[in-house]
Amino acid sequence: MNANETWDPQIVERALAAGRRIREAQTEIGRAIVGHVDLVEQILVCLLCRGHALLEGVPGLGKTYLIKTVGEVLDLATSRIQFTPDLMPADIIGTNVLVRDEQGHQVIRFQKGPVFSQVLLADEINRATPKTQSALLEAMQEQNVTVAGRTYPLAPPFIVLATQNPIEMEGTYPLPEAQLDRFFFKLRVDYPAYDDLLAIVDRTTGGAPAVLARSLSAQDIVSFQELIRSVPASRTVADYAVRLVYATHPQREGATDEVRRFVRYGSSPRGAQGLILAGKVYALLDKRFAVSFDDVRRAALPALRHRLILSFQGEAEGVDTDDLIRRVIEVTPEGGT
Amino acid sequence: MREPGVDLARLVHTLELRWRGVLLRRSIVDALSVSLAVSLAVLLIRAAYALTFGPGTLVLLNASALVVALLAAAIARREPAQFLIDADRVYGLKSLLLSGYEFADAASARAFDDQRSQFERIVAARAQRMSGGIDPRRVYPARTPRRIAITGALATAVATVLLLDASGLFASAAAPYAETGLLLEDAGRRLAARAERDEELLDLAREFARLSELLRGDQIDRDEARRRVDSLSDRVEQQLRNLERTAPFDHDETELLPDAEAAIRGALQAGMSESDVVELFVRMRSEGETIPDFVEALEEAHERRPDTAFGLDEERLRELMEQLSRPQPPDDATDLTEELRESQRVLEQTGAGLIELTKGDDRQIGEALDSGVGRDAAPQRTQADEVPADDAASTRGDPGDGLEGGTAAAETGMDGDFRRPEGGPIFRELRGVVTEGTIMEIIIRDVPAEATSGLSEQERAIVIERVVEEAVARENPPPQLRSLVRNYFLRLAGTGANDERE
C-alpha cells in the first residue's frame, strides 16, 4: 500500500451515507408525487448544489404540490408567492415598517417578506414585472437580502423553485437572460404517463393523503452541500464539460452546424459550473467519488437548455434547445481527440 | 496470464500496444483494399488497352500500400487518457480508470484540499485495483475489419485476372499485335534473303525483326510502335526510290520502240481506246513482258475491235512512247522492289492496326480497318499473285507503272462520266483516332455505287483508281492509313477492294 492508498475511512462512510439518505428522501417524495422521478431527483440535485430551479410546464401538472412536498420531506421552511403583474418587490423581500416596541417607542422594524424561507415557490414567475422579478436576484445569488442599506442573510439551505407556463404567454414578462442564468437548472414538467395519471387519479380522489416522513434536515443538506463540493472531477472530464459549453457558442470551434444556424449566444460559464457540480451529485448518488462523462452528460440538458439564446431564425423555426444540446453531446468526443 | 499488479501506467502502455496492433491490421486491410482495387483496374486497363508493364508494377503498388499502412499505424498518436476512456467505456467503469490515472499524479492530488485529496486517493486506489482485471483484447477486440470482405473479393479478382493472364486467355488482348508482329518478322526475313550484302537493307531487315519482337512480346507502347513503323516506312520508301534510280537500262528493248509505236498507232487508229492500250501496257509491264510481247498483244487486241476511225492524238502517243521507253528493271531488282513493296504494305497494315478507334464508331469503318489489319494481312501476300493482272496493277498504285498509266488515261477527260458526289445529304460520318490528338473524319455524302458510268469496266477501274489516288493525295492521311482509305473507296466503287476481300 503506497501513500496514495491512505485515506480516512470515515469519509467513505460519510459519502456513502449522504448518497443513501438523499435516495431515501427521493423515495419519500415519490410516495406523494406519482411519476416525475427524474424531476424529483433534479430538484434535489439543484438543492445540493446550492442552486435554484425553474420549472416549466402547463398548469395542473402538480408543480406546486411537488415543491411543497419537497419542503415537507426535507423539513425546510416553505413559502409561496403567486406572481402577478401588480406584485411589488417589497411583497417578496419585505419592507421596513413603523412599529411600537415593548417600551412603547416607535421604531422602524424590518418586516421579512416570503423570501425569508428555505424553499421559495415563485409561482408563475413570468407574470410579474421585470422589476419585481429582479428583486429575487440578490436572494438567489448572494443568499441574502438588502433593504434600506441593511443586509439580511437567508437561512441555509435556500432554494428558489420558480414555475412558468410555456403556453399562455399573453400578459407575461419573459425572464431576462441575467435572471434565467441564475437558475441552476431549468426543468421541464411533462404530462404524466398513462399509468402515472391513473395512479394520480387514484391517490387524489381517495382517502387522506399520505403522511410523509421527514427524511433530511436543513443541517444534513448543508453538510451534504459541502461534501459534494469535495468530490473531484478529473481534468479530462472537466475539459469535456468545458468543451460541451464551448460547443454551444456559434463562433467557437466545435460548434455544430445547428448551433451556428440557430444560436445567438451559447451557455454562460455558469453552465460549465452546473455540469460539473451536478455531476458531482450524480456521482455521489451512484456511490462513486469522481465525476464521470456520463454524469456530465446527464446534467447537460437541465443545466444548459435555458442558457442557450436562440437567434431569430432559431426562434422562427421553433428550434428546441434540447435538440441542439443533444447534437452537441453527440459530436463532442470525450477525450478531445 | 496477466500480472495482478499491473498499474495504471502499465495498463496505458499495454492498451496502446494493443490499439496500435488493431490499427495496423485495419490500416493494412484499408490500404490493400485500395491498392487491390487499383491493381484490378490497372490489369483490366492493361488487357483492354494493351499497356505495357509487368507484374512488378502490381507488386510495387501493393507493397507501397503496405508501407503506407505501416507508417500510418506507427505514427498515429493518442493521448494516454483516451486508452483509459475506452477501457472505462468497455467495462462500464464510469471514468474510474481515467480519474484514477489522473488523480494518481501526486501533483494533482496536492493541489486540492484534504477532503478532495482523500476522494482522489480512494479513486486512484480503486482504479489501480481495477486495472489488473482489464483485458486489452476486450477493449480493442481484433474484429474483422469491415473492408476485409471487399479486400478478399478484390484479391480474388486480381488473382483470377492474373491466372487468366498467365494461362494466355488474355494473350490476344495483352499482345494485340502479335499477329502483326509475325507479319513483320516474315517481311523482315524475306527482305534479308533478298538483301544479299546490302548493309542498308540488312539493317532494315533487322529493324523489322526487332519491331516484330517488341510487338509480339507486348514490350512497346503504341506511340513508340507507330513512330518506328513510320520510320521503317520512310526507309523502305527511300530504298524503293534508290532502286528505281539505280535500275539497269536494257538497251536491247529501245531498238524495238519504233515497232511498238507503230503497233500503238495502228491500234488507236483501228478504234482501240486509249485506256485499253494503257491498261494493256500497264499489265504487261507489271508482268515483266517485253516490247515484242506488248506489240503482239496489242495487235491481237485491236484485231478483236470493230474498225471505227478515231482521231489520233499525237501528243498522247508521244507520252505513251516515253513510258514505253523507260527501262525495264532486271528480274532480281524487280523481285527486290516487290519485296520492298510487300514490306511497305505490311508496315501500312501494322500502322493501321495501331490505330485506336473511338467508341461507337460505325461498323463499316471497323471492317475497313479490319481489312487492313491482321485478317487480310496474310492473304494479301498471295492476292498479288492470284488477282487478275489489271486489278493487281490498279490496286498497287505503283507510280512507276500502274499509276502513271491510270493518270494518263484520266487526262483524256473520261472522268466526266464518273462524278464523285459532293455536297448533298451526309450519308454517314465516321471518326477515328489516328494518333493522339489527331482525329480523322470521313464523311460519306452518298453511296458511290449508285453512280452511273458509260465507260467499260476496265476504263472505269482506271478512272476510279485515279480518283481514289487523288483523294488519298488530297486528304493526305497518315502513311499507315493510305492503303486503308484507298481500299475503302475502291470497295465503295465496287472494284478492286471487293475482290481483294474475297
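Here the structure is a predicted model, which means the values were calculated and not measured. (Residues numbered from 1 in each chain as written. Chains lettered and ligands numbered in written order. Predicted model: local features only at pLDDT ≥ 70, side-chain atom pairs only at ≥ 80, totals over all residues. Heavy atoms only, no water.)

Visitor: Tell me about the overall build of chain A, and please be specific about residues and values.
Guide: Within chain A one finds 14 helices and 11 strands. Classification of the 337 residues of chain A by burial places 53% in the buried group. Relative to all contacts within chain A whose residues are 6 or more apart in sequence, the contacts with residues 24 or more apart total 76%. About 15,800 Å² of surface is accessible on chain A, with carbon and sulfur atoms providing 51% of the total. (Helix = DSSP H or I, 4+ residues; strand = E, 2+ residues; numbered from the N terminus. Buried < 20%, exposed > 50% of the residue type's maximum accessible area, 1.4 Å probe, protein only. Contact = heavy atoms within 4.5 Å. Areas by Shrake-Rupley, 256 points an atom, 1.4 Å probe, with all protein chains shown as cover.)

Visitor: I'd like a description of the packing of helix α9 (residues 235–246) of chain A against helix α12 (residues 293–304) of chain A, backed by residues and values.
Guide: Residues and elements named next belong to chain A. For the pair α9 and α12, interaxial distance at closest approach is 10 Å and the crossing angle is 30 degrees. On the basis of their axis angle, the class for α9 and α12 is roughly parallel. The element α9 and its partner α12 pack so that their crossing is right-handed. Here T236, V237, Y240, A241, L244 and V245 of α9 come into contact with α12, specifically with F293, V296, R297 and L304. Grouping the amino acids of the contact of α9 with α12 by side-chain chemistry returns 8 nonpolar, 1 polar and 1 charged. (Axes fitted to C-alpha atoms, helices over the stretch in contact; angles between N-to-C directions. Parallel < 35°, antiparallel > 145°, perpendicular 65-115°, else oblique. Left-handed = near helix turned anticlockwise from the far one by under 90°. Nonpolar A, V, L, I, M, F, W, Y, C, P; charged D, E, K, R; others polar.)

Visitor: If you had to explain the side chain of A:S117 to someone new, which residues and values would you point to?
Guide: Counting through the fold element by element, A:S117 comes out in the loop between β4 (106–112) and β5 (119–123). At 3.3 Å, the side chain of A:S117 and the backbone oxygen of A:P114 are in polar contact. (Polar contact = N/O pair within 3.5 Å; in protein donor to acceptor, adjacent residues only side chain to side chain.)

Visitor: Let's hear about the pairing of strand β3 (residues 94–100) of chain A: which residues, and what values?
Guide: Both β3(A) and β4(A) contribute to a ladder of 7 bridges, which runs antiparallel. Paired with A:R100 across the two strands is A:Q106, which belongs to β4(A). (Pairing = 2+ DSSP bridges.)

Visitor: Give a description of the pairing of strand β7 (residues 150–153) of chain A that names residues and reports values.
Guide: All names here are of chain A. Sheet topology note: the strand β6 (residues 144–147)/β7 ladder contains 4 bridges and is antiparallel. Considered in β7, the bridge of V147 is made with R150. Hairpin connection from β6 to β7: 2 residues lie between these consecutive antiparallel strands, with A148 at a positive phi of about 50 degrees.

Visitor: I'd like to hear about the packing of aromatic side chains, residue by residue, with values.
Guide: All names here are of chain A. Inspection of the entire model under this criterion finds 8 aromatic pairs over all chains. Plain terms: the ring middles of F116 and Y152 are 6.4 Å apart, the flat faces sit at 80 degrees to each other, and that makes the pair edge-to-face. Highlighted residues: F116 in the loop between β4 and β5 and Y152 in strand β7, separated in sequence by 36 residues. For Y152, a relative accessible area of 12% corresponds to the buried category. Ring geometry for Y240 against F293: centres 5.2 Å apart, planes inclined by 90 degrees, an arrangement best described as edge-to-face. (Phe/Tyr/Trp six-rings, centres within 6.5 Å; stacked < 30°, edge-to-face > 60°.)

Visitor: Give a detailed account of the sheet that holds β5(A), specifying residues and quantitative values.
Guide: All names here are of chain A. Spatially, β2-β5-β8-β1-β9 is the arrangement adopted by the 5 strands of the open sheet, whose pairing is parallel. The open sheet terminates on both sides in strands that have one partner only, identified here as β2 (78–82) and β9 (185–188). Strand-to-strand twist of the sheet, defined as the mean angle between neighbouring strand axes without regard to direction, takes the value 20 degrees. As paired strands, strand β1 (residues 53–56) and strand β8 (residues 159–164) are joined by 4 bridges and run parallel to one another. When the sheet's bridge partners are listed, L55 is paired in β8 with T163.

Visitor: So what's going on with helix α23 (residues 457–475) of chain B? Residues and values would help.
Guide: For α23(B), which comprises 19 residues, the first-to-last C-alpha distance of 26 Å matches the rise-based estimate of 27 Å (1.5 Å per residue) to within 8%. Immediately beyond the C-terminal end of α23(B), within one or two residues, lies B:N476, with a positive phi of roughly 50 degrees. (Expected span 1.5 Å × (residues − 1).)

Visitor: Let's hear about the environment of B:A267: which residues, and what values?
Guide: Structurally, the position occupied by B:A267 is in helix α14 (residues 257–269). Spatially, the C-alpha atoms of B:A267 and B:E300 are 9.4 Å apart, while their sequence positions differ by 33 residues.

Visitor: Could you give an account of the interface of chain A and chain B, with specific residues and numbers?
Guide: How large an interface is tends to be reported as the accessible area lost when its parts come together. With 35 residues of chain A at the contact, the number on the chain B side is 22 residues. Carbon and sulfur atoms make up 58% of the area that chain A and chain B hide from each other, which totals about 2,400 Å². Connecting chain A to chain B are 2 salt bridges. As a salt-bridge pair, A:E334 and B:R89 come within 3.5 Å of each other at their nearest N and O atoms. Applying the counting rule to chain A against chain B returns 4 residue pairs in polar contact (both at pLDDT 80 or more). (Buried area = accessible area lost by both parts, 1.4 Å probe. Salt bridge = Lys/Arg side-chain N within 4 Å of Asp/Glu carboxyl O.)

Visitor: Got a sec to walk through the nonpolar core? Specific residues and values, please.
Guide: One finds A:L55, A:L66, A:L74, A:F185, A:L275, A:V296 and B:L97 to be the most contacted residues of the largest nonpolar core, which totals 106 residues. Setting aside residues up to four positions removed in sequence, A:F185 forms contacts with A:Q42, A:V45, A:C46, A:H52, A:A53, A:L54, A:A278, A:Y282, A:A299, A:P302, A:A303 and A:H306. Core analysis: the second largest hydrophobic core is formed by 27 residues, A:A135, A:L154, A:V160 and A:L175 among them. (Core = buried A, V, L, I, M, F, W, Y, C linked by side-chain atoms within 4.5 Å.)

Visitor: Account for the confidence of the model for chain B, with residues named and values stated.
Guide: All names here are of chain B. Summarising the model, chain B shows a mean pLDDT of 68, and 61% of its residues fall at 70 or more. Mean pLDDT values over the elements of chain B span from 35, in helix α22 (residues 402–410), up to 91, in helix α3 (residues 80–91). Contacts for the low-pLDDT stretch residues 1–5, under 50 throughout, to residues beyond four places or in other chains number 7 contacts. (pLDDT = per-residue confidence, 0-100.)

Visitor: Which residues make up the pattern of salt bridges, and what values do they have?
Guide: Scanning the model with the defined rule gives 40 salt bridges over all chains in all. The closest approach of N and O atoms between A:E258 and A:R327, which form a salt bridge, is 3.8 Å. Placement of A:E258 in helix α10 (residues 257–262) and of A:R327 in helix α14 (residues 321–331) is noted, with a sequence separation of 69 residues between them. Its relative accessible area of 28% is what places A:E258 among the partly exposed residues. The closest approach of N and O atoms between B:R228 and B:E224, which form a salt bridge, is 3.1 Å. With B:R228 and B:E224 both in helix α12 (residues 222–246) and 4 residues apart, the pair spans about one turn of that helix. Overall, the relative accessible area of 28% leaves B:R228 in the partly exposed class. Three or more residues joined by partner-sharing salt bridges are found here, namely A:D294, A:R297, A:E334, B:R78, B:D86, B:R89 and B:K94.

Visitor: Would you mind going over a nonpolar patch on the surface in detail, with residue names and values included?
Guide: Residues and elements named next belong to chain A. Together, Y191, L197 and V201 make up an exposed nonpolar region whose accessible area comes to about 300 Å². You can see Y191 is positioned in the loop between β9 and α7 (194–204). Y191 sits in the exposed class, given a relative accessible area of 60%. (Patch = residues over 30% accessible without salt bridge, like charges linked within 9 Å, V, L, I, M, F, W, Y side chains within 5 Å.)

Visitor: Talk me through the environment of A:I67; I want residue IDs and the actual numbers.
Guide: Residue and element names in this part refer to chain A. The topology assignment puts I67 in helix α3 (residues 63–73). Considering only alpha carbons, one finds I67 and I33, 34 residues apart in sequence, at a separation of 9.9 Å. Among all residues touching I67, those that are not within four sequence positions of it are V119, L121, L161 and T163.

Visitor: Quick rundown of helix α5 (residues 130–142) of chain A? Include the residues and the values.
Guide: All names here are of chain A. With 13 residues, α5 extends 19 Å from end C-alpha to end C-alpha; this agrees with the ideal 18 Å at 1.5 Å per step. Along α5, the residues that are buried comprise T132, Q133, A135, L136, A139 and M140. Of the surrounding elements, those touching the buried residues of α5 are α4 (90–93), β5, β6, β8 and α6 (177–182). Directly after α5, the chain includes Q143, whose backbone phi takes a positive value near 60 degrees.

Visitor: Lay out the state of the cysteines in plain terms, naming residues and giving numbers.
Guide: Using the criterion set out here, one finds 0 disulfides over all chains in the structure. Free of any disulfide, A:C46 has its nearest neighbouring cysteine sulfur in A:C49, separated by 7.1 Å. (Disulfide = S-S within 2.5 Å.)

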